[in-house]
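As a plain string of letters, each chain reads:
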Amino acid sequence: MNLLIIAIGAALVNNVVLSQFLGLCPFLGVSKKINTAAGMGGAVIGVITISSAICSLIYDFILVPLDLTYLNTIVFILVIAALVQFVEMFLKKTSPALYEALGVYLPLITTNCAVLGIALTNVQNGYNFIESVVAGFGTAVGFTIAIVIMAGIRERIEFNDVPESFQGMPIVLLTAGLMSIAFFGFAGIL
Amino acid sequence: MNKCVERLYNGLIKENPTFVLTLGMCPTLAVTTSAINGIGMGLSSTVVLVMSNLMISLLRKIIPDGVRMPAFIVIVASFVTMVQFLMQGYLPSLYDSLGIYIPLIVVNCIILGRAEAYASKNPVLPSAFDGLGMGLGFTCAITILGAVRELIGAGTILSTGSSALVTIPESVYTPASIFILAPGAFFVLAMCIAIMNKIKAKHGMEPAQVPDYCSKDGSCDSCANTMCGGKAFAEEKKQA
């Protein structure tokens, strides 16, 4: 039950993009088409779930016993950068089709602040290994939901007559603001 | 010396990281609930930018090309950790209100972007000034955003908890607290960029800035610069 609350809280109530503002660069940049948005979402789900698992293990079994917790930012970002490289190499060897689909998004994920943000919030909230993995997965699902909805709306906006000054970024930000209000509705769930 | 002044102007106005390049959106939207938070976040990012640009420029001939990204990240992360400790020690209240966004300065794309695009190719002094210009441009932008959100959402300017520079009494204006919450961040930034676009259109300025990292092969779907919207690529193709 506790795990379910963590997952729903991470995915909907505290949506990573719309209420915590993490991972905004891909959310605004890679949301022009539903296909690419879903691809990015898939890559993010994989990387965030694995990285929150590994960061949680490293924190509990290496940094805490050695009293090096103050190094967590440096260690986590290196782990994430290395992990993204490994995932890329692994996909290239084992599943070329998946690599074709996700390849372009993987390098972008290193600088996706959601990945590092989740690793750090897990530590801050004192989550154990299982809780960290569930929180990571839930967060990534929340990111995917938000970016796919956004891409769907943007495909429609293409056909609308947007005032010249609002074309591009401003109209996307206004849409994100309205989505953010809609996601407030989930606050009643928990 | 001219070069240094030119770098400052470039960062503050011509290539303002927030309003023109739309980089570093996460801290821009997240911490601008008040002007003080904006100043705190902006100045700490500026310190990290100047120091990391300085260090990377010094080491630019030593770092092998193949591992330059991890090397840059470690340098930036070290400076961020230092800033984090200094802030925790000397400005604990600001440290609490910025929270997780301080360690996240590491993944602010402005910092790695400047390291990659400028500091790794240029001498030390211009690199430091480039960092300073970009940092101050970022600080100004998020302080303005913070001040607007604070004014509309809480009816104060530069409030520090107990005292404020300007306070609008409740009887005159009832604060719309949605502007302090998440949606307000999106709305205010959208308005600011729209106003910038309007001003640029009026003066016949080029609306799109070619980002430094543009691959110019039409792969715009995976580019984060929505202000450009493929215009850089189209221009390139026209000239060819």
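As a reminder, the structure under discussion sits directly above these lines.
Keep in mind the model is a prediction, meaning the values are calculated, not measured. (Residues numbered from 1 in each chain as written. Chains lettered and ligands numbered in written order. Predicted model: local features only at pLDDT ≥ 70, side-chain atom pairs only at ≥ 80, totals over all residues. Heavy atoms only, no water.)

Caption draft 1: Quick look at the overall build of chain B. Counting its secondary structure elements, chain B contains nine helices and two strands. Overall, chain B shows an N-to-C arrangement of helices and strands of α-α-α-α-α-α-α-β-β-α-α. Expressed as a percentage of the 240 residues in chain B, the buried residues total 49%. Here the analysis covers contacts within chain B between residues at least 6 apart in sequence; of these, 71% occur between residues at least 24 apart. Accessible area for chain B stands at about 11000 Å²; split by element, carbon and sulfur atoms hold 67% of it. (Helix = DSSP H or I, 4+ residues; strand = E, 2+ residues; numbered from the N terminus. Buried < 20%, exposed > 50% of the residue type's maximum accessible area, 1.4 Å probe, protein only. Contact = heavy atoms within 4.5 Å. Areas by Shrake-Rupley, 256 points an atom, 1.4 Å probe, with all protein chains shown as cover.)

Caption draft 2: Spatial organisation of the packing of aromatic side chains. In the structure shown here, the tally under the stated rule is four aromatic pairs over all chains. Taking 5.4 Å as the distance between ring centres and 55 degrees as the angle between the ring planes, the aromatic pair formed by Phe 21 of chain A and Phe 186 of chain B counts as tilted. With one member in each of two chains, Phe 21 of chain A in the loop between helix H1 (2–13) and helix H2 (24–29) and Phe 186 of chain B in helix H8 (residues 182–202) form a pair that bridges those chains. When its relative accessible area of 0% is taken as the criterion, Phe 186 of chain B is described as buried. (Phe/Tyr/Trp six-rings, centres within 6.5 Å; stacked < 30°, edge-to-face > 60°.)

Caption draft 3: Expanded view of the interface of chain A and chain B. Opposite the 42 residues of chain A that make contact, chain B presents 41 residues. Taking both sides of the interface into account, the surface hidden between chain A and chain B amounts to around 3700 Å²; carbon and sulfur atoms contribute 79%. A per-residue breakdown of the area chain A buries against chain B is headed by Phe 21, Met 169 and Leu 173 of chain A, which together make up 17% of the total. The interface formed by chain A and chain B includes zero salt bridges. At the surface where chain A touches chain B, the tally comes to two residue pairs in polar contact (both at pLDDT 80 or more). (Buried area = accessible area lost by both parts, 1.4 Å probe. Salt bridge = Lys/Arg side-chain N within 4 Å of Asp/Glu carboxyl O. Polar contact = N/O pair within 3.5 Å; in protein donor to acceptor, adjacent residues only side chain to side chain.)

Caption draft 4: The arrangement of unusual backbone geometry in detail. All names here are of chain A. One non-glycine residue, Phe 21, lies in the positive phi region at around 60 degrees. Phi is positive for Asp 67, which is not a glycine, with a value near 60 degrees. Structurally, Asp 67 can be placed in the loop between helix H3 (34–63) and helix H4 (72–94). Judged by its relative accessible area of 59%, Asp 67 is exposed.

Caption draft 5: Expanded view of helix H9 (residues 169–184) of chain A. In this model H9 of chain A runs 23 Å from its N-terminal to its C-terminal C-alpha over 16 residues, within 8% of the 22 Å that 1.5 Å per residue would give. On its buried face, H9 of chain A is in contact with H1, H2 and helix H8 (129–157) of chain A together with helix H2 (25–30) and H8 of chain B. (Expected span 1.5 Å × (residues − 1).)

The values reported here are purely geometric and, on their own, carry no functional implication.
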